[in-house]
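Here are the chains, one letter per residue:
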Amino acid sequence: NGDGFADVIVGAGPGAGAHVKVFSGLGLTGGAVVELASFFAYTGFNGGVTVSSGNFNGDAFDDLVVTDNGNAAPGNFYTIVLGNAALTLTASAPVTLPGGSNGPFDVATGDFNGDGFIDFATANFGSNNVTLFLGNGGGGFSPAPTNNPTALGGTTGPVALAAGRFNNTGKLDLAVAGTTSNSVAVLQNQYNRGYFAVGSDRGVNAQVNIYDESGTFIGSFQPFAGNFTGGLRVAIGDVTGDGIPDLVVGTGPGGLTIVLVYDGASILANPSTPTLYRAFFPYGTAFSGGTFVAVGNLDGIGASEIITGADAGGGPQVNIYSSAQILANNLNVAAFAYYAYAPNFTGGARVASADINGDGLADVITGAGPGGGPQVNVYLGTSGPLFIVGAGGAGLITPYRAFFGIFAPGFIFSGGVFVTAGDFDGDGKADIVVAADKGGGPQVQVFTGAQINANLLNISSGGFNSIIATNFSGGTRVGQTVGVYGGSLRRILLSTAGPGGNQLTGFDIFAFLLNPVGQPPQFFGVMIQPPGGAGAYASE
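Source: prediction; values computed, not measured. (Residues numbered from 1 in each chain as written. Predicted model: local features only at pLDDT ≥ 70, side-chain atom pairs only at ≥ 80, totals over all residues. Heavy atoms only, no water.)

Take the layout of surface pockets next. For the largest pocket, the calculated volume is near 1000 Å³. Lining of the largest pocket is provided by 46 residues; of these, Ile236, Gly237, Pro245, Val482 and Arg491 occupy positions nearest its centre. Of the residues that constitute the lining of the largest pocket, the class distribution is 17 nonpolar, 18 polar and 11 charged. (1 Å grid on protein atoms, 1.4 Å probe; cavity = no way out; pocket = protein on both sides within 12 Å on 5 of 7 lines; lining within 4 Å. Points joined across faces, edges and corners; volume = space filled by probe spheres on them. Nonpolar A, V, L, I, M, F, W, Y, C, P; charged D, E, K, R; others polar.)

Structure, rendered in structure tokens:
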């Protein structure tokens, strides 16, 4: 009833019809129980009902899902009851459970697929399985498209269902009690709501491929309908503030340098037709050198910021666009801009963002492009108005850390480096992964957050070749994502080959750091589609 106190919903058992009553919580009634509403979910049915609640349509009132209790004719339905201020509770028309689902004896609600909308699951006594229904945020539901209904193994006669986080993946799982088997089945949530992106390199029609967290290809789109071949750089993070990671795309050289922002919810709904949320020119309409992109909440306020780094041909300028100006679509001028390297350096700046020092704020990491040393700089984020610690004085900002990320015996590698960052070892401080660009072989070096903060950077914590063929000279690009492996949420290093290759590999850096010898274990390895050996960029 919207008074701020939870209410009690009761569904009648067998013999009483499909009767549901709602009683007030005790907060405002002086300890008295008050009946707020009474209704029948179905007509002509005496098998009893089960009920559960949740805010299905995003208004100020909780709603109800009601299922018939068991598979007594003419049951096997669910119905939705939307809450309202007047407490006029009316059941929707009954919806029949999909094929293979019989006798919904209990129901549980929760956001099982991570899209921000409440879903529900039924324990089906008649078919010994569980059926999941996904909410659309407007009060409607549809059966989950895969592995639905879900079998319970040796657990039979399911009569009770409970949702909870039973492992450390952060996702809701289900426990199901079976009365005829005298056992409990635990269904671990395998629903993949994480995704990452890979952008094509130069020489082919610019395309973004979308993959789920297991490395399975789920869709692709061409932002410029085949009219641009300069390559695309990609990053993922929540810039809209809805809790769902969005996709940020920056163009490579050869045309107008533009940044495109796609709504993450639309990508999860249909990765081949995402909704464009924002578009802007980070370095004006005269610069055609391209840009690198990253996403991170530098100031800890609101949603994440967008960070861009100019590619070769201009100065190594890094722009920061605040969450407030992204929301207001006021992106003509960056909230703050600075040079990561000497202003006359024309190799560009590759960018990444993660919390290096563990203060809860994302930081900016840059890697120098071709023409200079393989220098990596770290700039700490701050809640101050200019986003970067030390910003505001004349000249260059002094980085928190600066070091060479690639080691070449006998000379300083000048082909440029790519950078990514994430907490791969789980110590609360992000690690930095550096990869050599063309001419440096498929070399990758890992610098842990602990050694970065201790400023012990003369040698990495481990290095390896991303491609077994050590004579490969196209370079390696790196990104990162997260996924559930072995029942745990793991951060995954994404490695893509430069020109001449089309490999996409997900590496286990946590395991590698325990024994930094050889190539890290792989979570997955796939060939990027469409093939052609043009190379690609993994999402930061």
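Having seen the structure, we can now continue with the description.
The subject of this paragraph is the side chain of Glu540. Looking at where Glu540 falls in the secondary structure, it is placed in the segment after β39 (536-538). In this structure, Glu540 is buried with no salt-bridge partner, the nearest side chain bearing the opposite charge being Arg491 at 7.6 Å. Polar side-chain contacts of Glu540 include one of 2.4 Å to the side chain of Thr420. (Helix = DSSP H or I, 4+ residues; strand = E, 2+ residues; numbered from the N terminus. Buried < 20%, exposed > 50% of the residue type's maximum accessible area, 1.4 Å probe, protein only. Lys, Arg positive; Asp, Glu negative; His and termini not counted. Salt bridge = Lys/Arg side-chain N within 4 Å of Asp/Glu carboxyl O. Polar contact = N/O pair within 3.5 Å; in protein donor to acceptor, adjacent residues only side chain to side chain.)

In total, this model carries 2 cavities of 30 Å³ or more according to the counting rule given. Volume-wise, the largest cavity comes out at about 150 Å³. Forming the boundary of the largest cavity are 13 residues, of which Phe292, Val351, Val478, Tyr537 and Ala538 lie nearest the centre. When contributions to the lining of the largest cavity are tallied by element, the ones reaching two or more residues are β19 (232-237), β23 (291-296), β27 (349-354), β31 (417-422), β35 (476-485) and β39. Empty space within the second largest cavity amounts to approximately 40 Å³. Lining the second largest cavity, in full, are Ser466, Ile467, Thr476, Ser495, Thr496, Ala497, Gln503 and Thr505. In terms of residues, the lining of the second largest cavity owes the most to one element, strand β36 (residues 488-497), which gives 3 residues.

Moving on: the packing of aromatic side chains. Counting across every chain of the model gives 24 aromatic pairs. With a centroid separation of 5.6 Å and an interplanar angle of 45 degrees, the aromatic rings of Phe105 and Phe125 are classed as tilted. Within this pair, whereas Phe105 is found in strand β8 (residues 104-110), its partner Phe125 is found in the loop between β9 (119-124) and β10 (129-135), the two being separated by 20 residues in sequence. On the basis of relative accessible area, Phe105 is assigned to the partly exposed category, the value being 25%. Where Tyr341 meets Phe345, the ring centres are 6.1 Å apart and the plane angle is 75 degrees; that geometry is what we call edge-to-face. For the pair shown, Tyr341 and Phe345 are each scored as buried. The cationic tip of Arg233 hangs over the ring face of Phe292; the distance from NZ or CZ to the ring centre is 4.0 Å. A cation sits over an aromatic face here: Arg401 above Tyr400, 4.1 Å from the ring centre. (Phe/Tyr/Trp six-rings, centres within 6.5 Å; stacked < 30°, edge-to-face > 60°. Lys NZ or Arg CZ within 6 Å of the ring centre and 35° of its normal.)

Before going further, it helps to examine the environment of Val444. Structurally, Val444 is set in strand β33 (residues 443-447). For the pair formed by Val444 and Arg477, sequence separation is 33 residues and the distance between their alpha carbons is 9.2 Å. If sequence neighbours within four positions are ignored, Val444 has contacts with Val433, Val434, Ala435, Gly462, Gly463, Phe464, Ser466 and Thr476. (Contact = heavy atoms within 4.5 Å.)

The next subject is the pairing of strand β30 (residues 401-404). Going residue by residue along β30, you find Arg401 and Phe403 tucked away on one face and Ala402 and Phe404 left uncovered on the opposite face. Relative to β30, strand β29 (residues 375-379) is paired through 4 bridges, and the arrangement is antiparallel. When the sheet's bridge partners are listed, Gln375 is paired in β30 with Phe404. (Pairing = 2+ DSSP bridges.)

A few words now on a nonpolar patch on the surface. The grouping of Phe166, Val184 and Val186 at the surface amounts to a nonpolar patch, some 290 Å² of accessible area in total. Tracing the chain through its elements places Phe166 in the loop between β13 (158-164) and β14 (173-178). (Patch = residues over 30% accessible without salt bridge, like charges linked within 9 Å, V, L, I, M, F, W, Y side chains within 5 Å. Areas by Shrake-Rupley, 256 points an atom, 1.4 Å probe, with all protein chains shown as cover.)

Take the environment of Thr131 next. Positionally, Thr131 belongs in strand β10. Judged by its relative accessible area of 0%, Thr131 is buried. Note: C-alpha distance between Thr131 and Ala121 (10 residues apart in sequence) is 5.5 Å. Those residues in contact with Thr131, other than ones at most four positions away along the chain, are Pro98, Ser101, Phe120, Ala121, Thr122, Asn124, Asn148 and Pro149. At a separation of 2.9 Å, a polar atom in the side chain of Thr131 contacts the side chain of Asn124.

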